[in-house]
Amino acid sequence: MADVRNWQLGRTMGYPYPESHPERQFAFVFNINRCIACQTCSMACKSTWTFSKGQESMWWNNVETKPYGGYPRHWDVKVLELLDEANSTAGVEPSWQPTTAADREAPYGSYDGMTIFEAAAAETPPVRQAVGYQPAQDEWSAPNIFEDVPHPGRPAPGSLGLEQDGAQLPEHVAWFFYLQRLCNHCTYPACLAACPRKAIYKRPEDGIVLIDQARCRGYRKCVEACPYKKSMYRPTTRVSEKCVACYPRIEGHDPLSDGMPMETRCMSACPGKIRLQGLVALDADGSWADDPQNPIVFMVRHEKVALPLYPQFGTEPNGFYIPPRWAPRDYLVQMFGPGVDEALARYRAPSRELLAVLQLFRATQKIIFRFEIEEGPKVFETEIDGKPWSMYDDTVIGLDQKGREVVRVKVEEPIHQRPAPRVNSI
Ligand code: SF4
Ligand code: SF4
């Protein structure tokens, strides 16, 4: 195993291949607080890529209801159990430690538990590249099982189901939230590491992880190794398939693209406006270039309002989530790591710049490479958590790869007045 740097874990970790990084990385931010589980994203993906024979149970994009839902069923609980087992065999009690490393190197502290790669290396004899499991056929059969089923909690008699706890936000005692999932086009993909045919590769131009359909022999090692269970087997072709990040759109081949990179179908279709996708420039050592005017970099690295999903798995996923405000903190911390409190504090009382950037979600299908803000007047003030907070009607401008303006949105939604009613001619 080679030593590679994982900034999400704040340390180096073992990975089967030495570091090799693309020029830029496909990445996205999802705002869980806004999702309405309409499944438009799931259908946009299915009707584009997985509508054929043999793909009936294949959902490259799915939206599941936590805590009970999962596609395939209980995928995360099962992977977490495997890691728990490995850590306890090795006598490790995993935790996140504060660190003195620069914030850019360890923004969430340092994780001392074993990743899926390290757990596999600790097995005797070591026979695989990552710990994982093969879901049974029926676990793929109901992608939205437990949709809208809440964790019941135990509301106090006479309470409305809300609890207030000092530093924390009000939490619903009975709660659920929607988790939107697709391949994370990981920096250290487990699917790629596990493939004995070397059929999986990460594109040097955008970090998209693809399976070469001609090289794949359907051994399903990627299905077993991917902790997010986003590599899937197709029985009719006897090879595995996965999200391709709508690469023709990223390459600017969509008829509406004007040659510029466009967001994927699942991102573009979202009526809840929860999704923003981008391409992040990388330095030679693979770390994110410090580009605070890129909306993804701004939200993930500067504001730290969006967090990786299960960073402890160790693949350095490139999907980031603004956590839901109403779910129990300990549940969120095991899912998104120790940055949850800070992320929610920043989302609840957003900075002037963050509030503007949040307006860019789903404002255009073109990928926004940079944003600019034109300042507007103060339109509202209040107190949040005992501190004064003001809202300004700023205008945020999104620029494409060539620095051309592709969208302009104001913080205050404009009021459109309908013309005088016309008589219906029918
Ligand atoms: S389309 Fe958007 S709002 Fe609808 S389920 Fe998907 S992520 Fe949620
Ligand atoms: S999410 Fe899974 S399939 Fe996607 S790149 Fe990561 S390990 Fe591979």
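What comes next is a walk through the structure. (Residues numbered from 1 in each chain as written. Chains lettered and ligands numbered in written order. Predicted model: local features only at pLDDT ≥ 70, side-chain atom pairs only at ≥ 80, totals over all residues. Heavy atoms only, no water.)

1. Looking at the overall build of the chain
For step 1, the next point in the chain: The helix and strand tally for the chain stands at 11 helices and 21 strands.
For step 2, the next point in the chain: On C-alpha atoms alone, the chain measures out to a radius of gyration of 22 Å, which is about the 22 Å that the 2.2 N^0.38 rule sets for 426 residues.
For step 3, the next point in the chain: Seen through its principal axes, the chain has C-alpha atoms that stretch 75 × 55 × 50 Å.
For step 4, the next point in the chain: Here the chain, with 426 residues, has 54% of them falling under the buried criterion.
For step 5, the next point in the chain: Across the chain, every contact between residues at least 6 apart in sequence was considered, and the portion connecting residues at least 24 apart equals 66%.
For step 6, the next point in the chain: Summing over all exposed atoms, the chain offers an accessible surface of approximately 19,500 Å²; the carbon and sulfur share of this is 52%.
For step 7, the next point in the chain: For the chain, the distance from the average position of its 48 positive side-chain charges to the average position of its 53 negative side-chain charges is 7 Å. (Helix = DSSP H or I, 4+ residues; strand = E, 2+ residues; numbered from the N terminus. Rg over C-alpha atoms; globule rule 2.2 N^0.38 Å. Buried < 20%, exposed > 50% of the residue type's maximum accessible area, 1.4 Å probe, protein only. Contact = heavy atoms within 4.5 Å. Areas by Shrake-Rupley, 256 points an atom, 1.4 Å probe, with all protein chains shown as cover. Lys, Arg positive; Asp, Glu negative; His and termini not counted. Charge placed at Lys NZ, Arg CZ, Asp CG, Glu CD.)

2. Some points on helix 10 (residues 340-348)
For step 1, the next point in the chain: Among the residues making up helix 10, those that are buried are V340, A343, L344 and Y347. Considered in projection along helix 10, the buried side chains sweep an arc of 95 degrees and stay on one side of the axis.
For step 2, the next point in the chain: For helix 10, the elements touching its buried residues are strand 3 (24-31), strand 15 (307-308), strand 16 (319-322) and helix 9 (329-336). (Arc of directions from axis to C-beta.)

3. Structural notes on the sheet that holds strand 20 (residues 395-399)
For step 1, the next point in the chain: The antiparallel open sheet is built from three strands, whose spatial order is 17-20-21. Each of the sheet's edge strands pairs with one partner strand only, and the pair in question is strand 17 (370-374) and strand 21 (405-410). Across the sheet, the mean angle from the axis of one strand to that of its neighbour is 20 degrees, orientation sign disregarded.
For step 2, the next point in the chain: As paired elements, strand 17 and strand 20 share five bridges and run antiparallel to each other. Paired with E372 across the two strands is I397, which belongs to strand 20. (Pairing = 2+ DSSP bridges. Axes fitted to C-alpha atoms, helices over the stretch in contact; angles between N-to-C directions.)

4. What to know about the environment of F371
For step 1, the next point in the chain: One can find F371 in strand 17.
For step 2, the next point in the chain: Once the C-alpha coordinates of F371 and V357 are considered, the two residues, 14 residues apart in sequence, prove to be 7.7 Å apart.
For step 3, the next point in the chain: When near neighbours in sequence (up to four residues on either side) are disregarded, F371 contacts P292, Q293, N294, P295, F298, E353, V357, L360, V396 and I397.

5. Digging into the pairing of strand 13 (residues 239-242)
For step 1, the next point in the chain: Of the two faces of strand 13, both are covered, the one formed by V239 and E241 as well as the one formed by S240 and K242.
For step 2, the next point in the chain: Pairing of strand 12 (residues 231-234) with strand 13 involves four bridges; the strand directions are antiparallel. Residue S231 lies in a different strand from strand 13, and its bridge partner there is K242.
For step 3, the next point in the chain: If you look at the hairpin formed by strand 12 and strand 13, you'll find four residues sitting between the two strands, and R238 has a positive phi there, around 60 degrees.

6. Focus on the sheet that holds strand 14 (residues 275-281)
For step 1, the next point in the chain: One open sheet holds the four strands; their spatial order is 14-3-16-15, and the pairing between them is mixed. Two strands lie at the open edges of the sheet, namely strand 14 and strand 15, each paired on one side alone.
For step 2, the next point in the chain: In this sheet, strand 16 lies alongside strand 15 in antiparallel orientation, the contact comprising two bridges. Its bridge partner lying in strand 16, P308 is registered against F320.
For step 3, the next point in the chain: The strands that helix 8 (residues 295-302) touches are strand 3, strand 14 and strand 16; relative to strand 14, the one it contacts most, it runs at about 90 degrees.

7. A word on the packing of aromatic side chains
For step 1, the next point in the chain: If you walk through the whole model with that rule in mind, you get 24 aromatic pairs.
For step 2, the next point in the chain: Ring centres of W7 and Y108 lie 6.2 Å apart, and the angle between their planes is 40 degrees; this geometry places the pair in the tilted category. Of this pair, W7 sits in the loop between strand 1 (2-6) and strand 2 (11-15) while Y108 sits in the loop between strand 5 (96-97) and strand 6 (110-111), placing them 101 residues apart in sequence. For the pair W7 and Y108, one class covers both residues: buried.
For step 3, the next point in the chain: A ring pair is formed by W75 and Y310, whose centres lie 5.8 Å apart and whose planes are at 85 degrees; its orientation type is edge-to-face. Of this pair, W75 sits in helix 2 (residues 75-89) while Y310 is found in the loop between strand 15 and strand 16, placing the two residues 235 residues apart along the sequence. Residue W75 shares its accessibility class with Y310, and that shared class is buried. (Phe/Tyr/Trp six-rings, centres within 6.5 Å; stacked < 30°, edge-to-face > 60°.)

8. Quick word on the pattern of salt bridges
For step 1, the next point in the chain: The final tally for this structure, using the stated rule, is 27 salt bridges.
For step 2, the next point in the chain: R352 is the salt-bridge partner of E375, the closest N and O atoms lying 3.7 Å from each other. Of the two residues, E375 sits in the loop between strand 17 and strand 18 (378-384) while R352 sits in helix 11 (residues 352-357), which places them 23 residues apart along the sequence.
For step 3, the next point in the chain: The class for E375 is exposed, based on a relative accessible area of 65%.
For step 4, the next point in the chain: Within the structure, one salt-bridge network assembled from shared partners comprises E64, K66, D76 and R181. (Salt bridge = Lys/Arg side-chain N within 4 Å of Asp/Glu carboxyl O.)

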